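# Per-entry structural report
Listed here are the chains, written in short residue letters.
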Amino acid sequence: MPEKMSGPQAVNLLNNVARAAIALGVAGSLVSASLFTVDGGQRAVLFDRLRGVLDETVGEGSHLLIPLLQKPYIFDIRTRPRSITSVTGTKDLQMVNLTLRVLSRPDPDKLPTIFKTLGLDYDERVLPSIGNEVLKAVVAQFNADQLLTDRPVVSALVRESLLKRARDFNLLLDDVAITHLSYGQEFSRAVEAKQVAQQEAERSKFVVAKAEQERRAAIVRAEGESEAARLISRATEIAGVGLIELRKIEASREIAHTLAKTRNVVYLPSGNNMLLGLNPTLANSA
């Protein structure tokens, strides 16, 4: 059987165990403080107390640093959506409410510069200001109605201008789009009144066109009836002349038939006249 330790020996053993635990704890803390992890879609910027912000960006994975002298700052470089609202005036002095959706991300190679000039909340500092600036500058070039009819052109100008301004702050924009556009109540009422007036004008044009078509139809009907009456009159006239000629022919036929039955009457045709005789004997003597 093992011998029992005396009191001083037990105390020494406990002290040694405590010292070992403390050493392990300190070593673990130093190791933990010397390591940092960068997750997927992130980048890190190191701040050194002696050299300041380091120019190199740290990529994904686990990395070493000098405890107490260096500190990592993590940036999310994935695309993030953001909505920017603005109330601005058009070229014809109408107030319009616009909402702009922006998909932005920082330039990974420029993260040390972004950290030194803007900080971790770079998007809060930059995007609202340049978004309002660009919207006001672009909308001021168009009239209120052009914002609706030329919306693709307006969106293209906003996108181009905002991309250029964002590059000045080392920001990349993947998409820029106008998602909402509305006018003030006075302008909305004016537009509604204009639409009503246009509808009334179109209705008046329809009524005038209908009346013109009816007038033309009446003229065509009258011309048709007149032509029909003329044709009927001409047909009647032609029919009357033909009837007279027919009667003449029938009368001539009756006369010829009567003369043909009479033996003592002879007629000789001579042009349009007829020589009549009482009998063939008298005609020969003559």
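Notes on the structure in this doc start here. (Residues numbered from 1 in each chain as written. Predicted model: local features only at pLDDT ≥ 70, side-chain atom pairs only at ≥ 80, totals over all residues. Heavy atoms only, no water.)

Quick look at the overall build of the chain now. Each helix and strand counted, the chain has seven helices and ten strands in total. Buried positions account for 22% of the 286 residues belonging to the chain. When contacts within the chain are restricted to residue pairs at least 6 apart in sequence, those whose partners lie at least 24 apart make up 64%. (Helix = DSSP H or I, 4+ residues; strand = E, 2+ residues; numbered from the N terminus. Buried < 20%, exposed > 50% of the residue type's maximum accessible area, 1.4 Å probe, protein only. Contact = heavy atoms within 4.5 Å.)

A separate point is the packing of aromatic side chains. Following the criterion strictly, the structure yields three aromatic pairs and no others. Relative to Phe115, the ring of Tyr73 lies with its centre 4.6 Å away and its plane at 35°, an arrangement referred to as tilted. Pair noted here: Tyr73 is in strand E5 (residues 70-76) and Phe115 is in helix H2 (residues 111-117), with a separation of 42 residues, a long-range link. The exposure class of Phe115 is buried, given its relative accessible area of 18%. Clustering of aromatic rings is evident, with ring pairs tying together Tyr73, Phe75, Phe115 and Tyr122. (Phe/Tyr/Trp six-rings, centres within 6.5 Å; stacked < 30°, edge-to-face > 60°.)

Right, let's get into the nonpolar core. Counting 35 residues, the largest nonpolar core has Leu100, Leu147, Val158, Leu162 and Leu173 as the members making the most contacts within it. Mapped by element, the contributors of at least two residues to this core are strand E7 (95-106), H2, helix H3 (122-139), helix H5 (151-167) and strand E8 (171-183). When residues of this core are assigned to their parent elements, the largest contribution, eight residues, is made by H3. If near-sequence neighbours (up to four positions away) are discounted, Leu173 is found in contact with Val102, Leu103, Ser104, Leu127, Leu162, Leu163 and Ala166. Membership of the second largest hydrophobic core comes to seven residues, among which are Ala44, Leu46, Leu54 and Val58. (Core = buried A, V, L, I, M, F, W, Y, C linked by side-chain atoms within 4.5 Å.)

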